[in-house]
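A look at the structure
Here's the letter readout for the chains.
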Amino acid sequence: MELIFEKSQAGRRAGRVPSHGLPVPEVPAELRRAQQPRLPELAENEIVRHFTNLADRNFGIDTGFYPLGSCTMKYNPRVNERVAGLPGFVNLHPHQEDEGAQGALELMWELQQILAEVAGLPAVTLQPAAGSQGELTGLMLMRAYFADRGEGERRDTIITADTAHGTNPASVTMAGYKLEKVATTDRGNLDLDDLRAKVNERTAGLMLTNPSTLGLFDEGIVEVAEIFHSQGALLYYDGANLNAVVGISRPGDMGFDIVHYNLHKTFSQPHGCGGPGAGPVAVREALEPYLPSPQVVRDGDTFRLDHERPKSIGRVRGFAGPFGVFVRSYAYMRAYGPDLRAMSETAVLNANYVLARLKDVYELPYDRLCMHEFVLSARGLKKEHGVTALDVAKRLMDYGIHPPTIYFPLVVPEALMIEPTETESKERLDHFVEAMTRIAAEAADDPALLKDAPHERPVRRLDEVKAAKEPIVKYAFGERPLVEAEA
Ligand SMILES: Cc1ncc(COP(=O)(O)O)c(C=O)c1O
């Protein structure tokens, strides 16, 4: 498909605005462009066709099944968009004074209350813009807490699991902590002996996903919490996998002191291709004074942004946070009501259904009931037929299915991490199982078919390393003549 720049014809225009007859304002010479900007020049219908054809090539949750493990690609109800588009929300200026933004502040306050209930922790900040920023915020809170207690210098280490998402060690390093990893047992739990050997007076805390990135609930979580708390250290809950436990178990009850939520995952936001997200953070009472400023607070029947927070770590994001995401999440929570628990139960049921049907087709390294997702291995296919997890993923695209997450978590060779979510029907799940089963048979009968996949998509197999290392982010018009734009 041609780029829009390649379709450009000098002098073509999409439309002409009738002459207004008003004086043209003078642009100061130092701000004036020396040359016209080089932009594609096309008729309006060609622009519309170009972008419509591009959109048709796209794959999203609205076009098909998207079992991308750890990303919770659930259906995003349209009512959320209707509500987020209400004029009172979209036209609200970020600098609006509190009295004129009572509805928005009330929504944020209510959202904080629901999130606090979900986590089992009393205080919430809505500011962080993503899970990863929630992680960094949580670690900054730990730092502020220990500094206040005179333990800031001593506590210099954070422990993460060897199954941890890449953002965990990245956040730890960014927050200035040393990183230590704890091993996973054959059952997929944290190795308690390894943990006991590593946790000491230098430990600031643990950063853990539960259920883990293996899709397994840690059976020793109460002991894990005890090991850290007995040394005065804190527990951070990476809430990326919260979709498995809402209304069933609460991180605060498990012993976690700080929790982030990925609103864009658990509470439904369209979040492929980089945005928008939100990573609110909840904390125990002892950490509340350090939460970012401002906080949304309630005084009787009115709501306001509280900037008087002397111990706060300060702002972590502009204004009050990603407000549109708050509206969608709030709408989603209110639509479910107490049935949020059913959301998680169905997510877990769907994952276990698919797991039960695929565990004899692919290798299952941790043979347990899973939570909302599970990890298979294509190690057997690789050994016997030279077919890798990447080949399986690419072939799935020919069946109209988005590939699962692959090669993560790192502890599973040739990993295929599958998260069906609660919003898929049994027919969709069956279609996925059949596709995966047929692909396993194809790997034995015709491995070349998988090596060349995808065959049916507009774009075939890409050189992903070259694309990442040598991205072309600008188009040069080359020798095309520059035509003065019409007045
Ligand atoms: C387990 C886990 N932790 C943290 C994150 C980071 O969340 P975000 O992408 O919102 O920054 C992710 C994202 O996929 C994740 O899967």
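Given the structure is predicted, the values throughout are model-derived calculations rather than measurements. (Residues numbered from 1 in each chain as written. Predicted model: local features only at pLDDT ≥ 70, side-chain atom pairs only at ≥ 80, totals over all residues. Heavy atoms only, no water.)

1. Description of the site of the ligand
Applicable threshold: For this description, a residue counts as near a given molecule or strand if any of its non-hydrogen atoms is within 4 Å of it. Pairs of N or O atoms are called polar contacts if they sit within 3.5 Å, as long as, within protein, a hydrogen donor faces a hydrogen acceptor (for residues adjacent in sequence, only side-chain-to-side-chain pairs). The protein chains shown are the only cover counted for residues, whose accessible areas, like all others here, come from Shrake-Rupley with a 1.4 Å probe. The helix count covers DSSP runs of H or I at least four residues long, the strand count covers runs of E at least two residues long, and both are numbered beginning at the N terminus. As a working rule, the residues Ala, Val, Leu, Ile, Met, Phe, Trp, Tyr, Cys and Pro are called nonpolar, Asp, Glu, Lys and Arg charged, and the rest polar, with Gly in that last group.
Taken together, the neighbourhood of the ligand is formed by S70, A130, G131, S132, E135, H165, T167, D238, A240, N262, H264 and K265. In the model, an oxygen atom of the ligand is placed 2.8 Å from a nitrogen or oxygen of the H264 side chain. In isolation the ligand has 390 Å² of accessible area, and contact with the protein removes 87% of it. Residue assignment for the shell around the ligand shows that the elements contributing at least two residues are α6 (131–148) and α11 (263–266). The biggest single contributor to the shell around the ligand is α6, with three residues. In terms of residue class, the shell around the ligand is made up of two nonpolar, seven polar and three charged.

2. Quick look at the packing of aromatic side chains
The condition is simple: Stacked, tilted and edge-to-face pairs are distinguished by plane angle, under 30 degrees for stacked and over 60 for edge-to-face with tilted covering the rest, among Phe, Tyr and Trp rings (Trp via its six-membered ring) whose centres lie within 6.5 Å. Each residue is assigned to one of three classes by its accessible area relative to the maximum for its type, calculated with a 1.4 Å probe on protein chains only: buried under 20%, partly exposed between the two thresholds, exposed over 50%. Note on criteria: charge over ring means Lys NZ or Arg CZ within 6 Å of the ring centre, with the direction from the centre no more than 35 degrees off the ring normal.
Using the criterion set out here, one finds 10 aromatic pairs in the structure. Plain terms: the ring middles of Y145 and F146 are 5.1 Å apart, the flat faces sit at 70 degrees to each other, and that makes the pair edge-to-face. By relative accessible area, which is 1% here, F146 ends up buried. Measuring from ring centre to ring centre gives 5.0 Å for Y332 and Y336, while their planes differ by 65 degrees; the resulting arrangement is edge-to-face. Of this pair, Y332 and Y336 both sit in helix α12 (residues 323–336), separated by four residues, roughly a single helical turn. Look at Y332 and you get buried, because its relative accessible area is 3%. What makes Y336 partly exposed here is its relative accessible area of 25%. The rings of F89, F323 and F326 are connected pair by pair, giving a single aromatic cluster. For R143, the ring lying beneath its charged end belongs to Y177, and the centroid distance is 4.3 Å.

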